[in-house]
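Letter by letter, the chains look like this.
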Amino acid sequence: MGNTVDIVVIRQRRRFRRRMSKLLLILLAIGVCIFIYAKRDIWFPQLEGIGSRYQNITQNENADTEGNYPLSISGGVDYYTSFVENNMFILCDMYVYIYTVDGSFRESRQHAYSNAIMETNKERCLLYSCNGTKFRVDTDSKMLFENTTEQPILFARIAENGLVAVVTESDTYACRLNVYDTSGKLIYSRDCVDRVLDVSLRESGCVFTTLGAENGDLVTTLQSVSFEGSETEWTTSPLTTLCIRVYALSDGGAFVIGDTKCAYYNSTGEIQSLCDYSGTLADFAFSDERAAVLLENEERRQSHLLLFSEPASQPAEVAIPSIAKSVVVDGEKAYLLGAKGIESYAFSGERMSELNMTDAYEKLLKNGKYFYLLGYDKINRIKMNGS
């Protein structure tokens, strides 16, 4: 009996040691994972060198004096492009690639965001994870800060002064509006009973649009608020359209782009000018309170360009005898990417110049004296005389 008891005890001790060994291995693995995650800001940048060796973007090997264009986009990757401090930021998958204006590669930065979206102003780049909880702000030289929200992010915007608005989901309201200063500190928060469609920031407040329904139609309502108080400065009457984008004006008013119409509002929320579309909204651009709206008539294979020179004016209308793709506003002119090339227009509607091209592109950007043409698998650069 004594030997039998000893054998049972020995077996129990062996089982206990094996279980403890497995438990220690599991705890060790968890500890390593926690350590790696805690130090991610150190080792993530080390991987960027690896990413740059397997870029989605390659430069033109036969570069001429006009730069390293075209840039080739490999593998059918979806990409988004904008300019920060005269550097081209290209968002692809898990990386942001930074190029100089002549197409020379500077660096790549890993963001590790799923469903990443990029918004920019002249000096900063905002990256956020749509339906995720992280966002960050970069300059052309470094990442300034990264924040985490309590609820999933619906969308975010960055103003020219560096303020960041982040609209998130909410457990008790339709959504929540949070505003952060240039260092990433939360300075304003507001619970919204209606779904917020867009936000445009001012120096000490913002204009935002909300979605509603009236007589079976979708309607958009604009509200102006100050960060210094909880009261709403003004609220507009419902506008029968779905807001695509809103822009705050320097006088306290706003300009809203809807899917069926657009409108300027004054500093008390009253409509200054309203324009119903005669076609399908294809593209739009807004700069220095001037706007260009590109409409498309697919059946007739024609486009229509609306040019707004100031808030209270009626638009100049330009008929385009083909399908145009993109429009840009820069200074006193609007630039149109048409079927044959680039055309420039004064805000009176007068066509100023034209540049014919043979290749087809989908999107037009302008930075300085150059135009940047975005296609399915390449980015090109071209200069237009008189631009």
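Provided above is the structure to which this section pertains.
Only a predicted model underlies this, so the values are computations on that prediction, with no experimental measurement involved.

A few words now on the side chain of Ser-303. Within the secondary structure layout, Ser-303 lies in strand β25 (residues 302-308). At a separation of 3.1 Å, a polar atom in the side chain of Ser-303 contacts the main-chain carbonyl oxygen of Ser-322. In this structure the side chain of Ser-303 is engaged in a polar contact, spanning 2.9 Å, whose partner is the backbone nitrogen of Ala-324. The contact partners of Ser-303, leaving out residues within four places of it in the chain, are Leu-294, Leu-295, Glu-296, Val-318, Ala-319, Ile-320, Ser-322, Ile-323 and Ala-324.

Moving on: the side chain of Ser-344. Looking at where Ser-344 falls in the secondary structure, it is placed in strand β29 (residues 341-346). Note on Ser-344: relative accessible area 0%, which makes it buried. Side chain to side chain, Ser-344 and Ser-353 meet in a polar contact 2.6 Å long. If sequence neighbours within four positions are ignored, Ser-344 has contacts with Lys-333, Ala-334, Tyr-335, Glu-350, Arg-351, Met-352, Ser-353 and Met-384.

Here we take up the sheet that holds strand β26 (residues 316-320). One open sheet accounts for four strands, arranged β23-β24-β25-β26; its pairing is antiparallel. For this open sheet the edge positions go to β23 (280-287) and β26, each flanked by a neighbour on one side alone. Across the sheet, the mean angle from the axis of one strand to that of its neighbour is 15°, orientation sign disregarded. Taken together, the seven bridges between strand β24 (residues 290-297) and β25 define a ladder with antiparallel strand orientation. Counted as the bridge partner of Val-293 is Leu-306 from β25.

The next subject is the pairing of strand β4 (residues 87-92). Among the six residues in β4, six count as buried, and that is most of the element. Side chains of β4 alternate between two faces, with Asn-87, Phe-89 and Leu-91 and Met-88, Ile-90 and Cys-92 buried alike. In this sheet, β4 lies alongside strand β3 (residues 79-84) in antiparallel orientation, the contact comprising six bridges. What sits directly across from Tyr-80, in β4, is Leu-91. Counting the residues between successive antiparallel strands, the hairpin from β3 to β4 contains two residues, one of them, Glu-85, with a positive phi of roughly 50°. Both β4 and strand β5 (residues 95-100) contribute to a ladder of six bridges, which runs antiparallel. Bridging from a neighbouring strand, Leu-91 pairs with Val-96 of β5. Between β4 and β5, which follow one another and run antiparallel, lie two residues, and Asp-93 among them has a positive phi close to 50°.

The next point concerns a positive patch on the surface. Together, Arg-13, Arg-14, Arg-15, Arg-17, Arg-18, Arg-19 and Lys-22 give the surface a local cluster of positive charge. Here Arg-17 shows up in helix α1 (residues 2-38).

Another aspect to go through is the environment of Ile-244. Position of Ile-244 relative to the elements: it lies in strand β19 (residues 243-248). You can call Ile-244 partly exposed: its relative accessible area is 34%. Sequence spacing of Ile-244 and Ile-257 is 13 residues, and the spatial spacing of their C-alpha atoms is 5.5 Å. The residues contacting Ile-244, other than those within four sequence positions of it, are Asp-198, Ile-257, Gly-258, Asp-259, Leu-281 and Phe-284.

Conventions we followed
- Residues numbered from 1 in each chain as written.
- Predicted model: local features only at pLDDT ≥ 70, side-chain atom pairs only at ≥ 80, totals over all residues.
- Heavy atoms only, no water.
- Helix = DSSP H or I, 4+ residues; strand = E, 2+ residues; numbered from the N terminus.
- Polar contact = N/O pair within 3.5 Å; in protein donor to acceptor, adjacent residues only side chain to side chain.
- Contact = heavy atoms within 4.5 Å.
- Buried < 20%, exposed > 50% of the residue type's maximum accessible area, 1.4 Å probe, protein only.
- Pairing = 2+ DSSP bridges.
- Axes fitted to C-alpha atoms, helices over the stretch in contact; angles between N-to-C directions.
- Patch = residues over 30% accessible without salt bridge, like charges linked within 9 Å, V, L, I, M, F, W, Y side chains within 5 Å.
- Areas by Shrake-Rupley, 256 points an atom, 1.4 Å probe, with all protein chains shown as cover.
- Salt bridge = Lys/Arg side-chain N within 4 Å of Asp/Glu carboxyl O.
- Lys, Arg positive; Asp, Glu negative; His and termini not counted.
- Charge placed at Lys NZ, Arg CZ, Asp CG, Glu CD.

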